[in-house]
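Results of the structural survey
Chain by chain, the residues:
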Amino acid sequence: MADHSNTAMLEGCKDALHFIAESFKHCKAIGATKTSSSLLQIVLPGDAIKSKGVITNGNAKAFMDAVAQHRFWEREETPVVAA
């Protein structure tokens, strides 16, 4: 999870943004702090940030629980990321 200065740097990094998009597209868990969730807003359209398996409050336990579920297949039903 990134702090504010790292977040600003990553916002301009195409590889980082592509990684987030690919993770979402492949139904994997995604974790961010409140500060770094701005990266998700750049990549994920509309309400995709509210999808299952996307943790935006920095809660490490919630993220680990999401990772333990491996994938969130319901995301395949409505693809929103063209990664």
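Residues numbered from 1 in each chain as written. Predicted model: local features only at pLDDT ≥ 70, side-chain atom pairs only at ≥ 80, totals over all residues. Heavy atoms only, no water.

**Observations regarding the overall build of the protein**
- Helix and strand content of the protein: four helices and two strands.
- Along the chain direction, N to C, the helices and strands of the protein fall in the order α-α-β-α-β-α.
- Here the protein holds 83 residues, and the buried ones make up 36% of them.
- Across the protein, the fraction of contacts at a sequence separation of at least 24, relative to all contacts at a separation of at least 6, is 62%. (Helix = DSSP H or I, 4+ residues; strand = E, 2+ residues; numbered from the N terminus. Buried < 20%, exposed > 50% of the residue type's maximum accessible area, 1.4 Å probe, protein only. Contact = heavy atoms within 4.5 Å.)

**Observations regarding the nonpolar core**
- Ranked by internal contacts, the top residues of the largest apolar core, which has 13 residues, are Ile20, Phe24, Ile30, Leu40, Val43 and Leu44.
- Among the elements that take part in this core, helix H2 (residues 14-25) stands out by supplying four residues, more than any other.
- With near-sequence residues (within four places) excluded, valine 43 lies in contact with Leu17, Ile20 and Ala21. (Core = buried A, V, L, I, M, F, W, Y, C linked by side-chain atoms within 4.5 Å.)

**Observations concerning H2**
- For H2, with twelve residues, the first-to-last C-alpha span of 16 Å sits near the 16 Å given by 1.5 Å per residue.
- For H2, the full list of buried residues reads Ala16, Leu17, Ile20, Ala21, Ser23 and Phe24. Seen from one end, H2 has its buried residues packed into an arc of 160 degrees, which puts them on one side. For H2, the exposed residues set more than 90 degrees away from the buried face come down to Lys14, Asp15 and Phe19.
- The positive-phi residue at the C-terminal boundary of H2 is cysteine 27, with phi of around 65 degrees. (Expected span 1.5 Å × (residues − 1). Arc of directions from axis to C-beta.)

**Some remarks on the confidence of the model for the protein**
- Chain-level statistics for the protein give a pLDDT mean of 87 and a share of 88% at 70 or above.
- Of all helices and strands in the protein, the one with the weakest mean pLDDT is helix H1 (residues 4-11) (74), whereas helix H4 (residues 60-68) scores best (96). (pLDDT = per-residue confidence, 0-100.)

**Considerations on unusual backbone geometry**
- Phi angles above zero are rare outside glycine, and cysteine 27 is one such case at about 65 degrees.
- Position of cysteine 27 relative to the elements: it lies in the loop between H2 and strand E1 (30-31).
- Look at cysteine 27 and you get buried, because its relative accessible area is 0%.
- One non-glycine residue with positive phi stands out, namely histidine 70, at about 75 degrees.
- Turning to its location among the elements, histidine 70 is positioned in the segment after H4.

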